[in-house]
Amino acid sequence: MTLPPGQRALRGFPRFGKDLKNPPPPVPADPVIKLVGALAEDLTLPVKDLAGLPRREVRADFHCVAGWSATGLVWEGVGFRDFYREVVQPALRPGALVSHLVFVGADGVRASVLLEDALGEDVLLAEHLDGEPLTGEHGAPVRLVSPWQYGYVNIKHLCRIEFHVTAPPPADRWSPLAAHSRARVWKEERHRRLPGRVVRPLYRVLVAGIRAASARQGRKQG
């Protein structure tokens, strides 16, 4: 098995994120995704309506920017390319040229993504993992899956998508761990200003903390 530069295979698939001390956000009885921005009018899409769009299954590894990879995962959902063509494009303002999207999770996490990256072959709005509905730990009810980008782009608990005609300012502009805007794992785009190989040691020390926090949260939920 060949992994991207600086990645190590990890047994299992731990919950990841910045706020592991808290449980995942509750799933609403009738979850929706709000679509806003360069549209003729804002839309509210019930998550259940995704079932009526073309379905896809993607087998792919998940790569955390901290240096671990969960391998052989099977995701099922709607190809984002199909979603954009069938739902978004008919709703755009006349003449609007979308260049960036911002995906927002119910946990408050956001990721800005170039349109060309979001329209990649294996990018999904996924509701299933390994044949089962997503759990809270992995993004229920629906999440973005972009296998060729680091995990921080793969927004969980997706509740909002913004469509922009210019690049939105980065939310972590002053962070020492400023995330790369493309996050392509095979180019090791971990950090906005520093080469990936330089920041590897810093991210690797985070792995033990992530695993410990995940284990503690799992015990609380059990």
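Calculation criteria
- Residues numbered from 1 in each chain as written.
- Predicted model: local features only at pLDDT ≥ 70, side-chain atom pairs only at ≥ 80, totals over all residues.
- Heavy atoms only, no water.
- Helix = DSSP H or I, 4+ residues; strand = E, 2+ residues; numbered from the N terminus.
- Buried < 20%, exposed > 50% of the residue type's maximum accessible area, 1.4 Å probe, protein only.
- Contact = heavy atoms within 4.5 Å.
- Areas by Shrake-Rupley, 256 points an atom, 1.4 Å probe, with all protein chains shown as cover.
- Salt bridge = Lys/Arg side-chain N within 4 Å of Asp/Glu carboxyl O.
- Pairing = 2+ DSSP bridges.
- Axes fitted to C-alpha atoms, helices over the stretch in contact; angles between N-to-C directions.
- 1 Å grid on protein atoms, 1.4 Å probe; cavity = no way out; pocket = protein on both sides within 12 Å on 5 of 7 lines; lining within 4 Å.
- Points joined across faces, edges and corners; volume = space filled by probe spheres on them.
- Nonpolar A, V, L, I, M, F, W, Y, C, P; charged D, E, K, R; others polar.
- Phe/Tyr/Trp six-rings, centres within 6.5 Å; stacked < 30°, edge-to-face > 60°.
- Core = buried A, V, L, I, M, F, W, Y, C linked by side-chain atoms within 4.5 Å.
- Polar contact = N/O pair within 3.5 Å; in protein donor to acceptor, adjacent residues only side chain to side chain.
- pLDDT = per-residue confidence, 0-100.

Visitor: Quick one: what's the story with the overall build of the chain, residue by residue and with numbers?
Guide: When helices and strands are tallied, the chain shows 3 helices and 11 strands. Element order for the chain, N to C, with α for helix and β for strand: β-β-β-β-β-α-β-β-α-β-β-β-β-α. Classification of the 222 residues of the chain by burial places 49% in the buried group. Long-range pairs, those at least 24 residues apart, make up 65% of the contacts in the chain with a sequence separation of at least 6. When the accessible surface of the chain is totalled, it reaches about 11,300 Å², and 55% of it is carbon and sulfur.

Visitor: So what's going on with the pattern of salt bridges? Residues and values would help.
Guide: This structure, assessed with the given rule, holds 14 salt bridges. Note that Glu162 and Arg160 form a salt bridge whose closest N and O atoms lie 3.0 Å from each other. The class of Glu162 is buried, set by a relative accessible area of 9%. Residue classification places Arg160 among the partly exposed positions, given a relative accessible area of 29%. In the salt-bridge network here, residues are joined through shared partners; they are Arg56, Arg81, Glu121 and Asp122.

Visitor: Account for the sheet that holds strand S2 (residues 32–37), naming residues and giving values.
Guide: Taken in spatial order, the 5 strands of this open sheet run S3-S2-S11-S6-S7, and their pairing is mixed. With partners counted over all chains shown, the strands left at the sheet margins are strand S3 (43–46) and strand S7 (110–114), one partner each. Each strand of the sheet is rotated relative to its neighbour by a mean of 20 degrees, with strand direction disregarded. Strand contacts of helix H1 (residues 80–88): S2, S3, strand S6 (100–105) and strand S11 (158–164), with the helix running at about 70 degrees to S11, the strand carrying the most contacts.

Visitor: Tell me what's going on with the layout of surface pockets, and back it up with residues and numbers.
Guide: Of the volumes computed, that of the second largest pocket is approximately 170 Å³. Forming the walls of the second largest pocket are Glu116, Asp117, Gly120, Glu121, Asp122, Val123, Ser146, Trp148, Gln149, Arg184, Trp186 and Lys187. Of the residues assigned to the lining of the second largest pocket, the class counts are 3 nonpolar, 3 polar and 6 charged.

Visitor: Hey, could you go over the packing of aromatic side chains for me, with residue numbers and the actual values?
Guide: Under the defined criterion, the tally for this structure stands at 9 aromatic pairs. Grouped by ring-pair contacts, the aromatic residues Phe80, Phe83, Tyr84, Phe103 and Phe163 constitute a single cluster.

Visitor: Give a description of the nonpolar core that names residues and reports values.
Guide: In this structure, Leu50, Phe80, Phe83, Leu101, Phe103, Ile161 and Phe163 are the most contacted members of the largest nonpolar core, which totals 39 residues. Breaking this core down by element, the ones donating at least two residues are S2, H1, S6, S7, helix H2 (115–118), S11 and helix H3 (196–221). Looking at which element gives the most residues to this core, the answer is H1, with 5 residues. Dropping the residues within four chain positions of it, Phe83 is found in contact with Leu35, Leu45, Leu50, Leu53, Val78, Val88, Leu125 and Ile161. Among the nonpolar cores identified, the runner-up in size contains 18 residues, and Phe16, Ala70, Leu73 and Val145 belong to it.

Visitor: Which residues make up the side chain of Ser69, and what values go with them?
Guide: Tracing the sequence through the fold places Ser69 in strand S5 (residues 68–79). Within polar-contact distance, the side chain of Ser69 engages the side chain of Gln7 at 3.0 Å.

Visitor: Any chance you could break down the confidence of the model for the chain for me, citing the residues and the numbers?
Guide: Should pLDDT be low for a region, the predicted coordinates there are not to be read in detail. Overall, the predicted model of the chain reaches an average pLDDT of 88, with 87% of residues at or above 70. Predicted confidence for residues 217–222 stays below pLDDT 50, and this span has 9 contacts to residues more than four positions away or in other chains.

Visitor: Give me the lowdown on unusual backbone geometry, citing residues and values where you can.
Guide: The step from Ala140 to Pro141 runs through a cis peptide bond, and the omega angle for that step is 5 degrees. Following the sequence through the fold, Pro141 ends up in the loop between strand S9 (132–133) and strand S10 (143–145). A positive phi is found at Asp130, a non-glycine position, where the angle reads about 50 degrees. Locating Asp130 in the fold gives a position in the loop between strand S8 (124–129) and S9.

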